[in-house]
Amino acid sequence: MVKLVATLGTSPGGVFETYMNLKSGNYGGEPVDIKEVYIIRTSDKAVELAWKLVKAIFVCCGGKEVEIADIPLPINDIATKEDYEIFRKGLQGKISKGDYVDFTGGRKAMSVAAAINAIRNSAYVVTTIIPQNEYNRIQNLIKQLKEEEIEEAGKGKCVNKEKFCELVSKDARTILLT
C-alpha cells in the first residue's frame, strides 16, 4: 500500500496539492493510488493551525477517500542539532519502499531529514512548487479566517468549501526528484 509522507510547515495547501498531483499523474508520471497520508510536523502553534486547515482541505476539496495521520513531534521548531535529531528519528519507520515523500513544507532541515530517509528506504522524493504570488495570496486568506472556522476545520469538518478550497493553489506543480 503506497502512502504519501509529507512534512508540514505553515502553508496547509501543499500537502493536498502534492496528493492531487500524484493521484492525477500531474507530476510527469503515472497516476498513483495513495491510500494513506502521513503528515510529519512540529508542535508549533502556527503549524498546528496548518494541520487543522489540512484536515478541512482534504474533506472539502476532494481527499475524503484517503486516511490522514497526524504525526506531531515534541519540538516547536528545528533550532538545534538536537531538534533535528528528534525530527529525523520521528521519521523512522514511517517511510517504506515505494512510498512518496514530499519535503515541501517546513524548515529546510525537515526537508533534508525527509529526503535522506526517503532515499535510504527506496521511496520516491517529490516536491511541490507554489508560485510566490499564490503563496502570498493563500497566507492572506488564512489570516482572514475566523477562529470558529478554524476550530471546525480542526474537527475535519467542511464548514465552507469555497473558502477552504481557495487555500489550494491551482498553479502548483509537483516534481518527482528520485
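In case you missed it, the structure is sitting above this.
Residues numbered from 1 in each chain as written. Predicted model: local features only at pLDDT ≥ 70, side-chain atom pairs only at ≥ 80, totals over all residues. Heavy atoms only, no water.

## Regarding the packing of aromatic side chains
Okay, so step 1: Under the definition given, this model contains five aromatic pairs.
Okay, so step 2: On the numbers, 6.3 Å between centres and 40° between planes, the contact of Phe16 with Tyr19 is tilted. Of the two residues, Phe16 and Tyr19 both sit in helix α1 (residues 13–24), three residues apart, roughly one turn of that helix. A single burial state applies to Phe16 and to Tyr19, both of which are buried. (Phe/Tyr/Trp six-rings, centres within 6.5 Å; stacked < 30°, edge-to-face > 60°. Helix = DSSP H or I, 4+ residues; strand = E, 2+ residues; numbered from the N terminus. Buried < 20%, exposed > 50% of the residue type's maximum accessible area, 1.4 Å probe, protein only.)

## Quick notes on the side chain of Glu149
Okay, so step 1: Looking at the element boundaries, Glu149 is found in helix α6 (residues 147–154).
Okay, so step 2: Separated by 2.8 Å, the side chain of Glu149 and the backbone nitrogen of Lys146 make a polar contact. (Polar contact = N/O pair within 3.5 Å; in protein donor to acceptor, adjacent residues only side chain to side chain.)

## Topic: unusual backbone geometry
Okay, so step 1: Residue Ser122 is not a glycine yet carries a positive backbone phi of 55°.
Okay, so step 2: Of note, Ser122 is situated in the loop between α4 (108–120) and β5 (124–129).
Okay, so step 3: According to the relative accessible area criterion, Ser122 is partly exposed, its value standing at 46%.

## Here we look at a nonpolar patch on the surface
Okay, so step 1: Together, Ile129, Ile175 and Leu177 make up a nonpolar patch on the protein surface, roughly 210 Å² of accessible area in all.
Okay, so step 2: Mapping Ile129 onto the fold places it in strand β5. (Patch = residues over 30% accessible without salt bridge, like charges linked within 9 Å, V, L, I, M, F, W, Y side chains within 5 Å. Areas by Shrake-Rupley, 256 points an atom, 1.4 Å probe, with all protein chains shown as cover. Salt bridge = Lys/Arg side-chain N within 4 Å of Asp/Glu carboxyl O.)

## What about the packing of helix α2 (residues 45–61) against α6?
How two helices sit against one another is set out by the angle between their axes and by the gap between those axes.
Okay, so step 1: Running from N to C, α2 and α6 point in directions that differ by 65°, and their axes come no closer than 7 Å. Of the possible angle classes, the one that applies to α2 and α6 is roughly perpendicular. Judged by the sense of rotation from one axis to the other, the crossing of α2 with α6 is left-handed. Where α2 approaches α6, its residues Leu49, Lys52, Leu53, Lys55 and Ala56 are matched on the opposing element by Ile150, Glu151, Ala153 and Gly154.
Okay, so step 2: The residue makeup of the contact of α2 with α6, split by class, is five nonpolar, one polar and three charged. (Axes fitted to C-alpha atoms, helices over the stretch in contact; angles between N-to-C directions. Parallel < 35°, antiparallel > 145°, perpendicular 65-115°, else oblique. Left-handed = near helix turned anticlockwise from the far one by under 90°. Contact = heavy atoms within 4.5 Å. Nonpolar A, V, L, I, M, F, W, Y, C, P; charged D, E, K, R; others polar.)

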